[in-house]
Amino acid sequence: MRALLIFMVLWGHLYAMDTRSTLNLYQDLLSSLIPKKVIRVYVPDQELHDVFTHSVSLIPVSQLQEADIVIVPNKTVYERITSKLASQKVSKFPLLFATDYHLLDKYPDVIGALYWRKGRSQLLFINSRLKKYGISLPDKYQKYSVERL
Amino acid sequence: MKAINNTKYFFMILALLIGFGLYLQYSIEKSTKALHALEISKAEQYASRIAKYLESETNGDIKAYLQSHNAKRETLNNILHAFLTDEFRYIFLLTKDAEGHYRFLLDGSLKEPEEFNALLFPKSPQFDEVYRSGKPQIVEQGEKGVEEVWRSLLYPVVDKNGTKALLVMDLSQAYASYLSHLNSPISKTVTLMQIFLLLSLFFIGYTTYSFYKFRKNMMIDPLTNAATKAWLHEYLRTHPLEDFDVVLIDIDEFKRINQKFGYKHGDQLLKRYTQALYEVMPPETKVVRLGGTEFLLLIPKGSDLERILKKIFLTLREKEFNIANETVCLSASMAAMHTPEGARSEEKILRMLDEKMLEIKSRGKNAYALIGEKHLDDLKYSDIEFIKQALEEERVTCLFQPIYKTQTKEIAKFEALVRFIDDEDPSKLISPFHFLPVIKGTSQYIKMSKLVLQEVFDTLQKHEDIEISMNLDLTDLYHRDMMKLISEALHTHQSLAERLTFEIVEDMEIKDYDKAAAIFQELRAYGSKIALDDFGSGYANYTYLIKLDWDMIKIDGSIIKELLEKPERTEPIVQSINELGIYFNCSVVAEFVSNEEIYKKVKEIFIEYSQGYYLGEPKPIEAYLNPNR
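All values reported here derive from a predicted model rather than from experimental measurement.

Teacher, can you tell me more about the overall build of chain A here?
In terms of helices and strands, chain A carries six helices and seven strands. Along chain A, helices (α) and strands (β) appear in the sequence α-β-α-β-β-α-β-α-β-β-α-α-β when read from the amino end. Burial status across chain A gives 44% buried among its 149 residues. The long-range share in chain A, meaning contacts at least 24 apart out of those at least 6 apart in sequence, stands at 51%. For chain A, the computed accessible surface area is about 8,600 Å², with 58% contributed by carbon and sulfur atoms.

Here it is as structure tokens:
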């Protein structure tokens, strides 16, 4: 019984560490893109949504029009979101940030992406798109921005 | 000594176990590293061949060629794919663009292959190093942001203008696990052995800790913090007793303290008394609580023991202790001694101190005493080992005290008196007072008697005109072996036996007169005579004269001595004994004639024979037979 309890505590601890690491990465990254104390994020991906619930600076929102940024996981979600935004005629479009390289490649309104390539996590921004939104990256992210894909 | 040795062995075993555990760990890690190195070496060979092949297939300008030859790119991707075994997770070819970003030229993955010219941000700075230096390197992955990759082999494709591309072969994490798994039975065995060693270490450590804890409890008295008797025994194994003077202290009437204040306060008082003792005794002194209220001090030799003893005695006697709101003074009795050289047995020393302590207590307690030289002699000469050795080496001799005809002062006979010869100083003869009580009733006593008989007969044989008497305890005659020894000696020296008188001394009253009479008869059968020794003292009384036949009566020295002190009462008694002797046809001897006055008195009473220091001390027979020599 004690062994089981120890196992559960350790597993829980490791899980918490992983969650904390992902959250820290997004907190740092998104606050570099949006200079606000509290950033409202629309996260269709449930797993990532759960991670964001532990943050005080990133607030997951359920209404698209309330979001400062949308984390786009795939093409379907992208299409649903863009059509919804177009239909709602919102005054200010949220930023789009992808978790897939191909979305960044295909859709010019996606400013950057965080994805995996050959077992390595990759962060990528396209300079022209950042410029369009008036975003200036801090130095530590400069090396991940390119002129073209 | 034993404890020190045990500690040494314990640490040796501990060191061996730790060494063995570390060796096992080192061996298994070395073996795993060797396995990994082998696989990496194989990967390097593959990389080298692939790089050469790519160069040959792309005519030197690899980037431009692959950009313009889609079909060839497909073919080469397939070739790279052919190398994607369990060992390699990814194989791909990168090049640097004008901005210094890495872009894919080839990718061996069939599932989700990277497009030509797609970007890659490698995590490790070694990519740039290899690109710059043109020398292959192994990159340890396992860093944050890299998954499923164990190590990456970076192999540069180089031409005369420098590095054109970078072949990356990612060794899979799964394969690393597989390699480690190859060693896992050994590794598991090693781990189990290490667990076993760890448990053994723990067990040995715990046992040793328990042993030392137990030993400490055994060695230190928890109440007073003084050492215990067990400690004393062990300490004296490595520290000769002869290096210390000893003091035995016993608090007087402590039972009354316990009765009055209870055991709890009694214990407190004992504790404070011991503290006071520590304060007054010289440095380096060891305090041993022998039990109850008895303490033994071991004081290193070289100081004035009598002065120390007095100081301890007076300080402790005057010390006031506060207990249960009352002021209490304790008195103690103390016996001390300079331990003689060569003293080994603490039992002997303690026995002597105990005897002295008993003496002090019987004189009214609350006193101290230093044991003198005489007691020290007793300590040495009453040691059974000393006695055994003396008998073994036949260091036994007889002195002869003359018995004179009182009226004429002529020597009538001699009394043989046994002495041991000191082993260190042969001129020193040891009185039977020291050794007789120790060996009485033992085989050593018979051995001694045999030697005495031998010397007596040798003397009789050598000097044909003398008679000798020797002491025999009545209980000796009841002893079958002793009687056999005497009978055999008398039988062997029949011609000498009639010049021998047995003086019967006894420690116990004769009850079986018939048996005694039979023994006397057996002795007389060879012509020997029987004397009643110490008549008038102890058990040697008139009943003996009634029940048994005697050839001689020796009046005890304690009566003869009184001839001077109380002549009016003693003279009639001595006269009556003399008359009884005449009546029973027995010779009468006055013992203890130690001065001229006594001799004159004895002569006046007409005692036939006289013996004593005034007439002649115990000496070698030659001193009396050849006085001029």
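Help me out: how do you make sense of a nonpolar patch on the surface in this one?
All names here are of chain B. Taken together, the side chains of Phe20, Tyr23, Tyr26 and Met193 present a nonpolar region at the surface, about 420 Å² in accessible area. A total of three residues in the nonpolar patch trace back to one element, the largest contributor, which is helix α1 (residues 2-57). By the secondary structure assignment, Phe20 is in helix α1. For Phe20, a relative accessible area of 37% puts it in the partly exposed group.

Can you help me understand the interface of chain A and chain B in this one?
Reports often express the size of an interface as the amount of accessible area lost when the parts come together. Taken together, the contact pairs 20 residues of chain A with 27 residues of chain B. There are three salt bridges connecting chain A and chain B. Put simply, B:Asp170 and A:Arg120 hold a salt bridge, and the shortest N to O gap is 2.7 Å. For the pair chain A and chain B, the interface holds eleven residue pairs in polar contact (both at pLDDT 80 or more). Among the elements of the structure, α4 (101-106), β5 (110-117), β6 (120-126) and β7 (145-146) of chain A are those that each provide at least two residues to the side of chain A that touches chain B. Looking at the side of chain A that touches chain B, the element that brings in the most residues is β6(A), giving five residues. Its residues assigned to classes, the side of chain A that touches chain B comprises seven nonpolar, six polar and seven charged.

Looking at this structure, how should I read the environment of B:Thr163?
Residues and elements named next belong to chain B. Relative to the helices and strands, Thr163 resides in strand β6 (residues 162-172). By relative accessible area, Thr163 is classed as buried at 15%. Separated by 30 residues in sequence, Thr163 and Ser133 have C-alpha atoms that sit 8.1 Å apart. Dropping the residues within four chain positions of it, Thr163 is found in contact with Val130, Tyr131, Gly134, Pro156, Val157 and Val158. A polar side-chain atom of Thr163 sits 2.8 Å from the main-chain carbonyl oxygen of Tyr131.

Where do I start with the sheet that holds β5(A) in this structure?
Within a sheet, each strand pairs with its neighbour through backbone hydrogen bonds, oriented either parallel or antiparallel. Residue and element names in this part refer to chain A. The mixed open sheet is built from seven strands, whose spatial order is β2-β1-β3-β4-β5-β6-β7. Pairing within the sheet leaves two strands with one partner each, and these edge strands are β2 (58-60) and β7. Note: strand β1 (residues 39-42) against β2, three bridges, orientation parallel. Looking at β2, one finds that Val41 is bridged to Pro60.

What exactly am I supposed to notice about the sheet that holds β6(B) here?
Residues and elements named next belong to chain B. Read across the open sheet, the six strands follow the order β3-β2-β1-β6-β5-β4; overall the sheet is antiparallel. If you trace the sheet from one side to the other, it starts and ends with β3 (119-120) and β4 (137-140), each paired once. Where strand β1 (residues 88-96) meets strand β2 (residues 102-107), five bridges bridge the pair, whose relative direction is antiparallel. Bridge pairing in β2 places Leu93 opposite Leu106. Along the sheet, helix α3 (residues 70-82) makes contact with β1, β2 and β6, crossing β2 at roughly 80°. In the packing of helix α5 (residues 173-182) onto the sheet, the strands contacted are β5 (149-159) and β6, and the crossing angle to β6 comes to about 55°.

Any chance you could explain the domain arrangement of chain B here in plain terms?
When its domains are assigned, chain B resolves into domain 1 (2-181), domain 2 (229-379) and domain 3 (384-625). For domain 1 of chain B and domain 3 of chain B, the distance between their C-alpha centres works out to 113 Å.

It is not clear to me how the side chain of B:Arg289 should be interpreted in this structure. Could you clarify?
Residue and element names in this part refer to chain B. In this fold, Arg289 is placed in strand β8 (residues 286-291). Separated by 2.9 Å, the side chains of Arg289 and Asp221 make a polar contact. Reaching out from Arg289, the side chain makes a polar contact with the backbone oxygen of Gly292 at a distance of 3.0 Å. Ignoring anything within four residues of it in the chain, the contact list for Arg289 reads Asp221, Leu223, Thr224, Ala226, Ala227, Thr228, Lys229, Leu270, Glu294 and Phe295.

Which parts of the structure should I look at to understand the pairing of strand β14 (residues 396-405) of chain B?
Across a regular strand the side chains alternate sides, sitting on one face of the sheet and then on the other. Residues and elements named next belong to chain B. Burial runs high along β14: nine of the ten residues are buried. Sheet topology note: the β14/strand β15 (residues 410-421) ladder contains ten bridges and is antiparallel. Each residue of the ladder has a partner; that of Lys405, found in β15, is Glu410. Hairpin geometry of β14 and β15 is characterised by an intervening segment of four residues between the two adjacent antiparallel strands and by a positive phi of about 60° at Lys409.

Would you explain the packing of helix α15 (residues 443-462) of chain B against helix α17 (residues 480-492) of chain B in this entry?
A pair of packed helices is captured by two measures, namely the crossing angle of their axes and the spacing between those axes. Residues and elements named next belong to chain B. Direction vectors running N to C along α15 and α17 enclose 15°, while the axes themselves pass 10 Å from each other. Between α15 and α17, the crossing angle belongs to the class labelled roughly parallel. α17 is crossed by α15, and the crossing has right-handed handedness. Together, Ile446, Ser449, Lys450, Leu453 and Phe457 of α15 and Asp481, Met482, Leu485, Ile486, Ala489 and Leu490 of α17 make up the contact between the two elements. Residues of the contact of α15 with α17, tallied by class, amount to eight nonpolar, one polar and two charged.

Even after reading the chapter, I still don't get the side chain of B:Glu87, so can you show me in this structure?
Residues and elements named next belong to chain B. Within the secondary structure, Glu87 is located in the loop between α3 and β1. The buried charged residue Glu87 lacks any salt bridge, with Lys42 as its nearest oppositely charged partner at 5.2 Å. Each residue touching Glu87, except ones within four places of it in the same chain, is listed here: Glu39, Ala43, Tyr46, Asp170, Leu171, Ser172 and Tyr175.

Is there a simple way to explain unusual backbone geometry in this structure?
Glycine aside, a negative phi is what most residues show, and trans is what most peptide bonds show. Residues and elements named next belong to chain B. Residues other than glycine seldom take positive phi values, yet Glu284 does so here, at roughly 75°. With respect to the helices, strands and loops of the structure, Glu284 is situated in the loop between α9 (263-280) and β8. If you check the backbone angles, Phe606 has positive phi at about 70° while not being a glycine. If you trace the backbone, Phe606 turns up in the loop between α23 (596-605) and β22 (609-610).

Please explain the packing of aromatic side chains as it appears in this structure.
A ring pair, where both rings are aromatic, is described by two values, the distance of the centres and the angle of the planes. Counted according to the given criterion, the structure contains 25 aromatic pairs over all chains. Summarising the aromatic geometry, the rings of A:Tyr26 and A:Phe52 are spaced 5.3 Å apart at their centres and angled 70° between planes, so their arrangement reads as edge-to-face. With a gap of 26 residues between them, A:Tyr26 in helix α1 (residues 2-33) and A:Phe52 in helix α2 (residues 46-52) connect regions that are remote in the sequence. Judged by relative accessible area, A:Tyr26 falls into the buried class, the value being 4%. Overall, A:Phe52 belongs to the buried group, its relative accessible area being 0%. An angle of 85° between the planes, with centres 5.2 Å apart, marks the rings of B:Phe535 and B:Tyr542 as edge-to-face. With a relative accessible area of 1%, B:Phe535 lands in the buried category. By relative accessible area, which is 41% here, B:Tyr542 ends up partly exposed. Grouping aromatic residues by their ring pairs yields a cluster made of B:Tyr46, B:Phe83 and B:Phe88. Sitting above the plane of the B:Tyr599 ring, B:Lys409 keeps its charged end 5.0 Å from the centroid. Positioned above the aromatic ring of B:Tyr478 is the side chain of B:Lys515, whose terminal nitrogen or guanidinium carbon lies 4.8 Å from the ring centre.

What counts as what
Residues numbered from 1 in each chain as written. Chains lettered and ligands numbered in written order. Predicted model: local features only at pLDDT ≥ 70, side-chain atom pairs only at ≥ 80, totals over all residues. Heavy atoms only, no water. Helix = DSSP H or I, 4+ residues; strand = E, 2+ residues; numbered from the N terminus. Buried < 20%, exposed > 50% of the residue type's maximum accessible area, 1.4 Å probe, protein only. Contact = heavy atoms within 4.5 Å. Areas by Shrake-Rupley, 256 points an atom, 1.4 Å probe, with all protein chains shown as cover. Patch = residues over 30% accessible without salt bridge, like charges linked within 9 Å, V, L, I, M, F, W, Y side chains within 5 Å. Salt bridge = Lys/Arg side-chain N within 4 Å of Asp/Glu carboxyl O. Polar contact = N/O pair within 3.5 Å; in protein donor to acceptor, adjacent residues only side chain to side chain. Nonpolar A, V, L, I, M, F, W, Y, C, P; charged D, E, K, R; others polar. Pairing = 2+ DSSP bridges. Axes fitted to C-alpha atoms, helices over the stretch in contact; angles between N-to-C directions. Domains from an automatic or database assignment. Parallel < 35°, antiparallel > 145°, perpendicular 65-115°, else oblique. Left-handed = near helix turned anticlockwise from the far one by under 90°. Lys, Arg positive; Asp, Glu negative; His and termini not counted. Phe/Tyr/Trp six-rings, centres within 6.5 Å; stacked < 30°, edge-to-face > 60°. Lys NZ or Arg CZ within 6 Å of the ring centre and 35° of its normal.

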